[in-house]
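Here's the letter readout for the chains.
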Amino acid sequence: MNYDYLLYLAIILISTKLLGLVTRKAHMPQVVGALLAGLLLGPACLDLIHGSTFLNQISEIGVIVLMFMAGLETDTEELKRSGLASFIIALFGVLVPLAGGFGVAYFCHVASPDLSASELLQNIFIGIILTATSVSITVETLKEMGKVSTKAGTAILGAAIIDDILGIIALTVITSMADPSTNILLVLLKIAGFFIFAIVFGIAFGFMIQKWISLDPKPNRRHVIMTFAFCLIMSFCAEHFFGVADITGAYVAGLVLSHSSKREVIYHEFDTVSYLLVAPVFFASIGLKVELSSMSSNLLIFTGLLLVVAILTKILGCGFGAKAMKYSTKESFQIGIGMISRGEVALIVANKGESLGLVSDSLYAPIVVTVVITTIITPILLKAAFKDKKNENPTTAAT
């Protein structure tokens, strides 16, 4: 058996912590340091660590834990009030990047005639990739600043969940045009089925757990184990049975338990697990995916344009949707910034496109660069957007 993974974990934990402290000293969120650690350790720089199945699985648990904790922290009353607003924000956050990505691909002529799908479908698929939103980076940054339950923070979480659903629908439509075996109606029924399942099973099972917890006046580890099991079951069911992102199931599980009398204890225990292992591996794994091969001048130009469009379309699209729903200019800007990060969601979409002949190998580097840079700059921009002039030292995570 190969035991290299033990050394890899040690290197990741040490480097993410050290660079996290450095970025904190520079008045940036510590998550930026973790992302930079992955970039430095991976093929793009020192080439010390390569992605593996084990690291990918730990990374996936990391993002599930982060989204479960986000659900625990969410103000459900504010989420109810912002339901329509979140939908409008997500709608514009999908349509504007879709149009922007298609425009860049069309004018740069990046579609490959060697692929099975038509040039039009390939260009549209680049737009589909830009519709993705990875809220996990935003969640961690908002946690550090103590802004998860703010009006803008709640809108970001709600919009990101709806964004995932709209993105799945858009992905299904375009892939069905390239793959006749995909049934659009069946996928839409599965999405609707997930929310029915979440309401019936999620609330019922969550109520039983909360009832069981409330019978014991003192918190204990059994409570945390059962809630984690509930989180994993919801994540598995969302992905396996309904084709919805597993992080959506984790977030719903957190929402269900957000009113528990032991919420603070549960959150504290999960925060320890996240801080100790799964979150550093998740954030570092994004940087580890960067593998820059030789790129032509046309691809370099395309990469730069794609990055600019990826940033601006989320700020303008989501910001316009928020403004239309009567959010203040500052809140609209904060929401737009919070939706910039593409993260692992965009990579999953790109991988799906490659399997269907919609994305060529040469386009992977521009897509990965866009994903990594949007992921790194999102916490930096969020810190600036949420900066309170009356309080220059926002709440940060313990070191």
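Throughout, residues of each chain are indexed from 1 in the direction in which the sequence is written. Whole-chain, interface and lining totals are the exception, using all residues; otherwise, since this is a predicted model, local features are given only for residues with pLDDT of at least 70 and side-chain atom pairs are given and counted only at 80 or more. Side-chain numbers here rest on the full set of heavy atoms in the structure, without hydrogens or water.

### Remarks on the overall build of the protein chain
Here comes step 1: Under the scheme used here, helices are H or I runs from DSSP no shorter than 4 residues and strands are E runs no shorter than 2 residues, and both carry numbers assigned from the N terminus. Scanning the protein chain from N- to C-terminus turns up 16 helices and zero strands.
Here comes step 2: Radius of gyration here uses only the C-alpha atoms, and the compact-globule reference equals 2.2 Å multiplied by the residue count raised to the power 0.38. Its C-alpha radius of gyration of 20 Å places the protein chain within 12% of the 21 Å reference for a compact globule of 399 residues.
Here comes step 3: With the C-alpha coordinates of the protein chain rotated into their principal frame, the extents come out at 65 × 55 × 45 Å.
Here comes step 4: Out of the 399 residues belonging to the protein chain, those deemed buried represent 53%.
Here comes step 5: Computed with a 1.4 Å probe, the accessible areas rest on the Shrake-Rupley method; for each residue, only the protein chains presented here act as cover. When the accessible surface of the protein chain is totalled, it reaches about 17,800 Å², and 68% of it is carbon and sulfur. A simple rule labels every residue: compare its accessible area, found with a 1.4 Å probe on the protein chains alone, to the largest value its type can have, and call it buried under 20%, exposed over 50%, or partly exposed in between.

### A short note on empty space enclosed by the protein
Here comes step 1: Cavities and pockets are found on a 1 Å grid laid over the protein atoms alone: a cavity is a set of points where a 1.4 Å probe fits but cannot escape, a pocket is an open set with protein on both sides within 12 Å along at least five of seven lines, and a lining residue has an atom within 4 Å of such a point. Grid points are joined across faces, edges and corners, and a volume is the space filled by probe spheres set on the points. Taken as a whole and judged by the stated rule, the model has two cavities of 30 Å³ or more.
Here comes step 2: Here the second largest cavity is characterised by a volume of approximately 30 Å³.
Here comes step 3: Elements with a minimum of two residues in the lining of the second largest cavity: α6 (119-131) and α16 (364-385).
Here comes step 4: Broken down by element, the residue count for the lining of the second largest cavity peaks at three residues, all from α16.
Here comes step 5: Following the grouping adopted for this structure description, the nonpolar residues are Ala, Val, Leu, Ile, Met, Phe, Trp, Tyr, Cys and Pro, the charged ones are Asp, Glu, Lys and Arg, and the polar ones are all others, Gly among them. Grouping the constituent residues of the lining of the second largest cavity by class yields six nonpolar, one polar and one charged.

### Considering the nonpolar core
Here comes step 1: In terms of nonpolar packing, the biggest core is built from 120 residues, with F68, F125, I129, F283 and I335 touching the most fellow members.
Here comes step 2: No other element matches helix α8 (residues 151-178), which puts 13 residues into this core.
Here comes step 3: In this view, I335 contacts I89, A152, A155, I156, C318, A322 and Y327; residues no more than four positions away in its chain are not counted. Residue types Ala, Val, Leu, Ile, Met, Phe, Trp, Tyr and Cys, when buried and joined through side-chain atoms within 4.5 Å, form a set referred to as a nonpolar core. Residue contacts are defined here by distance: any two heavy atoms, one from each residue, within 4.5 Å place the two residues in contact.

### Re α16
Count 3.6 residues to each turn of an α-helix, and residues three or four apart come out pointing the same way.
Here comes step 1: Expected span of a helix: the number of residues minus one, times 1.5 Å. With 22 residues, α16 extends 31 Å from end C-alpha to end C-alpha; this agrees with the ideal 32 Å at 1.5 Å per step.
Here comes step 2: Along α16, the helix axis deviates most sharply at T378, where the bend reaches about 25°; the proline P379 sits within four residues downstream. Each residue is assigned a bend, namely the angle between axes fitted to the seven residues that terminate at it and the seven residues that start at it.

### Some words on helix α10 (residues 221-242)
Here comes step 1: A rise of 1.5 Å per residue sets the reference length of α10, with its 22 residues, at 32 Å; its end C-alpha atoms lie 31 Å apart and thus fit the reference within 8%.
Here comes step 2: Among the residues of α10, H223, V224, T227, F230, C231, M234, S235, C237, A238 and F242 are the ones counted as buried. Mapping the buried residues of α10 onto a view down its axis gives an arc of 160°, with all of them on the same face. Set apart from the buried face of α10 by more than 90 degrees, the exposed residues are R221, I225 and H240.
Here comes step 3: Just downstream of α10 lies G243, where phi reads positive at about 70°. By construction, the arc corresponds to the directions joining the helix axis to the C-beta atoms.

### Concerning unusual backbone geometry
Here comes step 1: Phi at D47 takes a positive value of approximately 55°, unusual for a residue other than glycine.
Here comes step 2: Summarising the element assignment, D47 is placed in the loop between α2 (30-41) and α3 (53-73).
Here comes step 3: Here the phi dihedral of K326 falls at roughly 75°; this positive angle occurs in a residue that is not glycine.
Here comes step 4: For K326, the position within the fold is in the loop between α13 (297-324) and α14 (329-338).

### Remarks on a nonpolar patch on the surface
Here comes step 1: Patch criteria: residues need more than 30% relative accessible area and no salt bridge. Like-charged residues are merged within 9 Å; nonpolar side chains of Val, Leu, Ile, Met, Phe, Trp and Tyr are merged within 5 Å. Here a salt bridge means any side-chain nitrogen of Lys or Arg lying within 4 Å of a carboxyl oxygen belonging to Asp or Glu. Together, V173, M177, I184 and L188 make up an exposed nonpolar region whose accessible area comes to about 310 Å².
Here comes step 2: Mapped onto the nonpolar patch, the elements with two or more residues apiece are α8 and α9 (184-215).
Here comes step 3: Inspection of the secondary structure puts M177 in helix α8.

### Focus: the side chain of D163
Here comes step 1: Its location among the elements puts D163 in helix α8.
Here comes step 2: The buried category is assigned to D163, whose relative accessible area is 1%.
Here comes step 3: A polar atom in the side chain of D163 sits 3.0 Å from the side chain of K314.
Here comes step 4: In this structure D163 touches A90, G93, V94, T131, A132, T133, K314 and M339, once residues within four positions along its chain are discounted. Between N or O atoms, a polar contact is any pair within 3.5 Å; within protein, one atom must be a potential hydrogen donor and the other a potential acceptor, and residues adjacent in sequence are included only when both atoms are from side chains.

### A few points about the state of the cysteines
Working definition of a disulfide: a covalent bond connecting the sulfur atoms of two cysteines.
Here comes step 1: The disulfide criterion is simple: two cysteine sulfur atoms within 2.5 Å. For the coordinates displayed, the defined rule picks out zero disulfides.
Here comes step 2: You can see C231 has no disulfide; the closest cysteine sulfur is in C237, sitting 12 Å from it.

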